[in-house]
Amino acid sequence: MTKEQIEITSQLSQMDAIIAEKRWHINQLENELDELQQQLLNISEEVEKTEGKREVFREREKNNQTIKTQTIQNLEKFQFKKIEIKNHLQQEKKRLETIEEKIIQLSQQLANEESSLSQLIANHEDKIEGLKEEYFELLNEMATVRNEIRHLASSKESLTYRIDKLNGEREQIEKEKKLHAERLENISREIQHTQDEIEQLSEQYREQLHLQRELGKQQEEKQAILLDQQQKLDALNSRQQVLREMQADFSGFNQGVKEILKIRETQKLKGIHGAVAELIQVPKKYEIAIEVALGGSLQYIVVENEGVGRHAIQYLKDKKLGRATFLPIDVIKGKKISQYDLGKIQQINGYVGVAIDLIEVDIQYKDIIEYFLGQVIITSDLKVANEIAKTLGYRYRIVTLEGDLVNPGGSMTGGSQQRKNINLLSRQREIDELTEQIEQTKKELSNQKVDMEKIKLNIHSTQELLERIRNQGEKERIKEQELLGKHKQIEIELKNIEERLMIIYQEIEQSKDEWNSYHTKEEELKNTLEEKVKKEKLLQKNIEEAESIRKQDESTKEKTNKTITDLKIDLARLQQEKDSSQSLVVRLDTDLKEALTSLEQQQQILIQLENELIIQKQDESTISDTIKELRISKEQFQKQIEEKRNVRTKMLQEIETEELDAKEIRKKLKTVESGIHQCEVKISRLDTELENLLTQLTEEYQMSFEWARQQVMKVENIDLVKRQVKELKEKIQGLGSVNLGAIEEFERVSERYQFLSTQKDDLVEAKQTLYQVIKEIDQEMAKRFIESFEAIREQFQIVFSKLFGGGRADLILSNPDQLLETGIEIVAQPPGKKLQNLALLSGGEKALTAIGLLFAILRVKPVPFCVLDEVEAALDEANVYRFAEYLREFCSYTQFIVVTHRKGTMEGADVLYGVTMQESGVSRLVSVKLEEKEKSMQLA
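Per chain, the residues get numbers from 1 upward, laid out in the order the sequence is written. Where local features are concerned, this predicted model is filtered to residues with pLDDT of at least 70; where side-chain atom pairs are given and counted, the filter is 80 or more; whole-chain, interface and lining totals use all residues. Water and hydrogen atoms play no part in the side-chain values, which are based on all heavy atoms of the structure.

Trainee: Before we move on, could you go through the overall build of the protein and cite the residues and values that matter?
Mentor: A tally of regular secondary structure across the protein gives 18 helices and 17 strands. Burial classes: relative accessible area under 20% of the type maximum marks a residue as buried, over 50% as exposed, and values in between as partly exposed (1.4 Å probe, protein chains only). Per-residue burial for the protein yields a buried fraction of 33% across its 940 residues. Contacts are residue-level and defined by heavy atoms, with any inter-residue pair within 4.5 Å sufficient. Across the protein, contacts joining residues at least 24 apart in sequence account for 74% of those joining residues at least 6 apart. Working definition of accessibility: Shrake-Rupley area with a 1.4 Å probe, residue cover restricted to the visible protein chains. Summing over all exposed atoms, the protein offers an accessible surface of approximately 60200 Å²; the carbon and sulfur share of this is 50%. Labels follow the DSSP assignment, with helices taken as runs of H or I lasting at least four residues and strands as runs of E lasting at least two, numbered in each case from the N terminus.

Put into structure tokens, the structure is as follows:
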């Protein structure tokens, strides 16, 4: 069996070595997987960054396309305006040429007529000419005024049309504004209702969470109780099993007694009733006294008669199974203390009773047990025993409850007890007590399990309720975010509407001002025209008077004069039309130049946009190629990772199979070792029994085994020898009990002591090692803590002064002597205040101080990524801007995602993200890239 054990152990070691080697390979694979995962993560981050850059280019391209579309529309608008002005200008120039030709013709005709007339009216020429020149000038001025009045009327009409159009647009926008305001109010009410629902759900969630934690604590307590109860039950079952095995194996009995009791079970010998220890029931408090009183007779076997005893003895001889003492029921007669002697001692304080009266025994065994215990007196202590022995003349055996003995004749036996045979008396009682305890423990365990199941059901119900509340809360939060997105969108739309409305109001006011200006100028021109009309009438009158005088003098020249006058009037009218046409041509020419300039500007913008679009498309194509290459690399890394994982999975399966095989081999090894141990135990027991027999032979009969074998002789008179043996045994019995199992008990206890001592030494050594490791860890932790604390403290003082614009702050250890148990106090002195604890500051000051501590930690230990959730909510506007500016300082080496509702923080961000739900159930991400917006504004 030892060879098989060595072979199995060797095989198991080889398998353990193979498993260890494969585990090493798995660790290598894990390291390679970690490296590949890190490379995959880097590639993924690069892909995300590149895709983000491409999205930026696409967004810019989209904006440029929008601007391009608007520019093209402007080009078409200016082109149409240029053509319209050009056509109008050509028409006006043609009309001007026609007027100039007519003026030339009329001037020639007038010169001819005047030349004729000059000869006729030489005397009145100067006067009439002067009046006519003045009249012609007046006509020109009147024509100019009338043209201006017509132009102002036309402008007023255009402005009136524009004002009416703007008013109509204003009414439409005001309706939209009202509609958006109503929608905004409705959504605000919905948001408030949703927030109330969320608050109620949060309160319910906190209550259920608290209940769950309480139930969890109850579960842990019940689990601990269940574990204690189960351990107790296992210990009781184990103890009961051991006792029953000892009882079944008749452990504690001598070899001969044990063999007879075993064969009794097989019915090979009839009439065997059992050992004395099996036939009596002794109360627990009398067990020691009764054990001492009975001594070796506990193992005497009660038989039906002498014949049964002889057969049993012959059986032991034939099988060479040792020796045993037999008590025939029909032979043994009991002995009792006389009533006279009892009367003497019953009144003595400390007298307990006669041993036979303190136990329970079947009536058929009464004589036998009375033979041994009928004359044994039990007392409370040795002093009482001596007193009673003296009173009775030292004629009886007296035993104390502690096992001290006063023998007949006055000798005393006492001291510490080697309590081995106690099991013979207490074994069945202990088994019964253990059975009761086991049943009671099982009942308690069952009750605890029922309570545990109730707690588990409550925990499960609470968990389900928490999940329902969480899901409902998530739905409400999603609804809240949707409503907030709608609310924000409507606010933006409402703001745009208000801006448009303000622009329209401004345009209306500006148009009204222009109309009023035109109207005022028109009225002034009308007044001027009326004055010129009056002056015209006066000049006509003067001319008529002059003409009348001239007619009187030169009646013959009337027709010529009239012709000249008509010609001059026509010429003045044409001159007036010419001036008006020239003014219009000049104005149209100016408008044409302005239109051409605007058209050229829009063409330049369009060319610039097209160039930018070409460059952006090239950049986008380059980025797309880069993304494709990165994705190909990413797929390659993923493929490598998958291959490594497959190899790892395969190796893990192989290890699992080999571990199962090793487990079977370990079971086989354990079985072999158990067999070896049983054989060793059996050999040890046989050696012990042989040693006991040799010791008994040496001590009781003062002979060695070899001498006894040589001196053995055939006994002729068995009855005589029996009587002699009986007398000798009675004398030996009178000497007191002998613990026959002391050597076996000593070896067992010694072995147990050695085992426990070794375990104790190992535990003490492990404890010391563990304490040393803990001490080293504590020292290293304290060292690192104080280094980090001092670095953060230094940076905190700097950051606090920057954030508050002055003041000072500090971190103080509450217990610097115990670095691993100390607390940290924060003291701060904002500008204009005294130095005080953080708890005494206002809410905003607390928040800003905490933010300062966060930035101090980031300065000591920068991180690549950080999420802040409304950390500046308690700050005022000035400190929000200061917080945003300080946050920008960290953007070069730390990326921040900030959840906020504060304007100052949003203004300092590079990109804004929000989620809106324009359609029910469809969320949409809205982003604003503030850097591009600033660039586009600078370009504009």
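Trainee: An account of the packing of aromatic side chains is needed here, citing residue identities and associated values.
Mentor: Note on ring pairs: Phe, Tyr and Trp rings are taken, using the six-membered ring of Trp, and paired if centres are within 6.5 Å. Classes follow the plane angle, with under 30 degrees stacked, over 60 edge-to-face and the rest tilted. This model, assessed by the stated rule, comprises seven aromatic pairs. Where phenylalanine 855 meets tyrosine 886, the ring centres are 5.1 Å apart and the plane angle is 55°; that geometry is what we call tilted. Of the two residues, phenylalanine 855 is situated in helix 15 (residues 843-860) and tyrosine 886 in helix 16 (residues 877-889); the sequence distance between them amounts to 31 residues. Here phenylalanine 855 falls in the buried class, since its relative accessible area comes to 0%. Each residue in the set Tyr300, Tyr371 and Phe372 is aromatic and connected to the rest through ring pairs, giving one cluster.

Trainee: An account of the environment of glutamine 836 is needed here, citing residue identities and associated values.
Mentor: Following the sequence through the fold, glutamine 836 ends up in strand 13 (residues 836-837). Along the primary structure glutamine 836 and isoleucine 826 are separated by 10 residues, whereas in three dimensions their C-alpha atoms are 8.7 Å apart. Not counting the four nearest positions on each side in its chain, glutamine 836 is found in contact with Ile826, Val827, Ala828 and Leu841.

Trainee: Mind laying out the sheet that holds strand 13, listing which residues take part and the relevant values?
Mentor: We treat two strands as partners when DSSP finds at least two bridges between them. Spatial ordering of the open sheet is given by 11-12-13, a layout of three strands whose pairing is antiparallel. Of all strands in the sheet, those with a lone pairing partner are strand 11 (808-813) and strand 13, marking the two edges. Here strand 12 (residues 824-829) runs beside strand 13; their pairing, made up of two bridges, is antiparallel. Bridge pairing in strand 13 links valine 827 to asparagine 837.

Trainee: Residues and numbers for the sheet that holds strand 8 (residues 397-400), please.
Mentor: Taken together, five strands build an open sheet; the order of strands is 5-7-8-9-10 and the sheet is mixed. Either end of the sheet is taken by a strand with one partner, and the two such strands are strand 5 (351-354) and strand 10 (412-413).

Trainee: Could you give an account of the packing of helix 15 against helix 16, naming the residues involved and the relevant values?
Mentor: Where helix 15 contacts helix 16, the axes come no closer than 12 Å and their chain directions differ by 5°. Relative to helix 16, the element helix 15 lies roughly parallel. Along its contact with helix 15, which presents Leu848, Ile851, Phe855 and Arg859, the element helix 16 presents Asn879, Phe883, Tyr886 and Leu887. Split into classes, the residues belonging to the contact of helix 15 with helix 16 amount to six nonpolar, one polar and one charged. Fitted lines through C-alpha atoms give the axes, limited to the stretch in contact for helices. The angle between two N-to-C directions lies from 0 to 180 degrees. For classification purposes, angles smaller than 35 degrees are called roughly parallel, those larger than 145 roughly antiparallel, those between 65 and 115 roughly perpendicular, and all remaining angles oblique. Polar here means any residue outside two lists: the nonpolar Ala, Val, Leu, Ile, Met, Phe, Trp, Tyr, Cys and Pro, and the charged Asp, Glu, Lys and Arg; Gly therefore counts as polar.

Trainee: Run through the pattern of salt bridges, naming residues and quoting values.
Mentor: For side chains of opposite charge, pairing can occur when their charged atoms come near one another. Any carboxyl oxygen of Asp or Glu within 4 Å of a side-chain nitrogen of Lys or Arg constitutes a salt bridge here. On inspection of all chains with the given rule, the structure shows 11 salt bridges. Here aspartate 910 and arginine 888 are joined by a salt bridge, their closest N and O atoms 2.5 Å apart. Pair noted here: aspartate 910 is in the loop between helix 17 (903-907) and strand 16 (911-919) and arginine 888 is in helix 16, with a separation of 22 residues, a long-range link. On the accessibility criterion, arginine 888 (37% relative accessible area) is partly exposed. Where salt bridges share partners, they join Glu199, Glu203 and Arg206 into one cluster.

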